[in-house]
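Coordinate analysis (summary)
Each chain, letter by letter, is given below.
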Amino acid sequence: MATIQWYPGHMAKAKREIQERLKQVDLVLEVVDARLPESSRNPMLRELIGDKAHLLLLNKADLADPQMTQAWQKYYQREQQPVLALDSQHGQPLRPVLHAAKQILAPKIAAQQQKGVLKTTIRAMCIGIPNSGKSTFLNRLAGKNIAPIGNRPGVTRKQNWLKTKDDFEVLDTPGVLWPKFEDPTVGQKLALTGAIKEGLYHEDDITLFALGFYQKQYPQILQQTYQLTAAQLDLPAVELLLLLTKQAGFRDDYDRMAAKFLLYFRKGKLGRITLDLPPVGWEATVADD
Ligand SMILES: Nc1nc2c(ncn2[C@@H]2O[C@H](COP(=O)(O)OP(=O)(O)OP(=O)(O)O)[C@@H](O)[C@H]2O)c(=O)[nH]1
């Protein structure tokens, strides 16, 4: 399978801009996809953030496996990484985000108050990879539509400040991917969830990856959606794709079936699933505490 690579012209520029803007903010809000909390974190951004106050937002939690989202939250808490799970599409994130921001910045706010500064504005910066839901999140935060929302990666181009009530100001930034995925499954997961521009991957490859993942982690969803027997569920992914293609009446046009499968997946019609699993053994260390 070809490795998915991405060489956007604006990446280096975005990096410089983010570096510059980091100096102006108290806090970084990192929006990731709750279905892939690690694979949708840009290592370059992580490096840029350094030790700046940082709240990790597991967005699209409505599409993720709720038990896995809970596990990931526990995992990050254990790592001393402040974290919140959000559904920006349907929820109201302002209150929980502001509350978490105030907790993270409590020592800084207390120091300012000691100096007699009573009205403290919190300045945050929203970062994340394309399509993680930054614009949707910011629109919800502001309570009105200000950031452009797209269902394609790479819609947000400029950096804009938005002000909410409660002296909370947030800076929007364009979604930034990184140039090369060390682990090819990261690219496959990002392509599956729609973070990578169409045309940079083969839909059948990504569908085969997804089928294999469902077979291993969520067989009951496949079984129920496509009415499969136990033996069919165990077929190699390629054969399963051919079977689904025939079942759909597409003869041997598996490209058409792959496109349909991806569309279904992206509409959330193939169940709530999480593609990244917390590192093996972390629960044991939590239990030891
Ligand atoms: N189900 C669900 N969909 C969401 C959520 N947040 C965003 N979306 C959808 O995800 C897609 C991408 O959202 P955007 O807000 O445009 O993402 P972005 O990160 O600003 O994207 P770029 O502009 O490419 O950087 C859109 O189709 C949104 O409707 C969420 O919490 N749940």
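Reference entry: report on the structure contained in this document. (Residues numbered from 1 in each chain as written. Predicted model: local features only at pLDDT ≥ 70, side-chain atom pairs only at ≥ 80, totals over all residues. Heavy atoms only, no water.)

Next up on the list: the sheet that holds strand 6 (residues 168–172). The strand order across the open sheet formed by 6 strands is 3-2-1-4-6-5, and the pairing between neighbours is mixed. The sheet terminates laterally at strand 3 (83–85) and strand 5 (161–164), the two strands that pair on one side only. In this sheet, adjacent strand axes meet at a mean angle of 25 degrees when their direction is disregarded. Here strand 1 (residues 27–33) pairs with strand 4 (residues 122–128) via 5 bridges, running parallel. (Pairing = 2+ DSSP bridges. Helix = DSSP H or I, 4+ residues; strand = E, 2+ residues; numbered from the N terminus. Axes fitted to C-alpha atoms, helices over the stretch in contact; angles between N-to-C directions.)

On to the pairing of strand 1, then. With 7 of 7 residues buried, strand 1 is to be regarded as a mostly interior element. What you see with strand 1 is no split at all: Leu27, Leu29, Val31 and Asp33 on one side and Val28, Glu30 and Val32 on the other are buried throughout. Sheet analysis places strand 1 next to strand 2 (residues 53–59), joined by 7 bridges and oriented parallel. Paired with leucine 27 across the two strands is alanine 53, which belongs to strand 2. (Buried < 20%, exposed > 50% of the residue type's maximum accessible area, 1.4 Å probe, protein only.)

Interhelical geometry of helix 8 (residues 203–217) versus helix 11 (residues 237–247) gives an angle of 105 degrees and a closest axis separation of 9 Å. With respect to helix 11, the axis of helix 8 lies roughly perpendicular. From helix 8, Thr207, Leu208, Leu211, Gly212 and Gln215 reach across to helix 11, where they touch Ala237, Val238, Leu240, Leu241 and Leu244. Considered class by class, the residues forming the contact of helix 8 with helix 11 number 7 nonpolar, 3 polar and no charged. (Parallel < 35°, antiparallel > 145°, perpendicular 65-115°, else oblique. Contact = heavy atoms within 4.5 Å. Nonpolar A, V, L, I, M, F, W, Y, C, P; charged D, E, K, R; others polar.)

Just distances and angles here, no functional claims.
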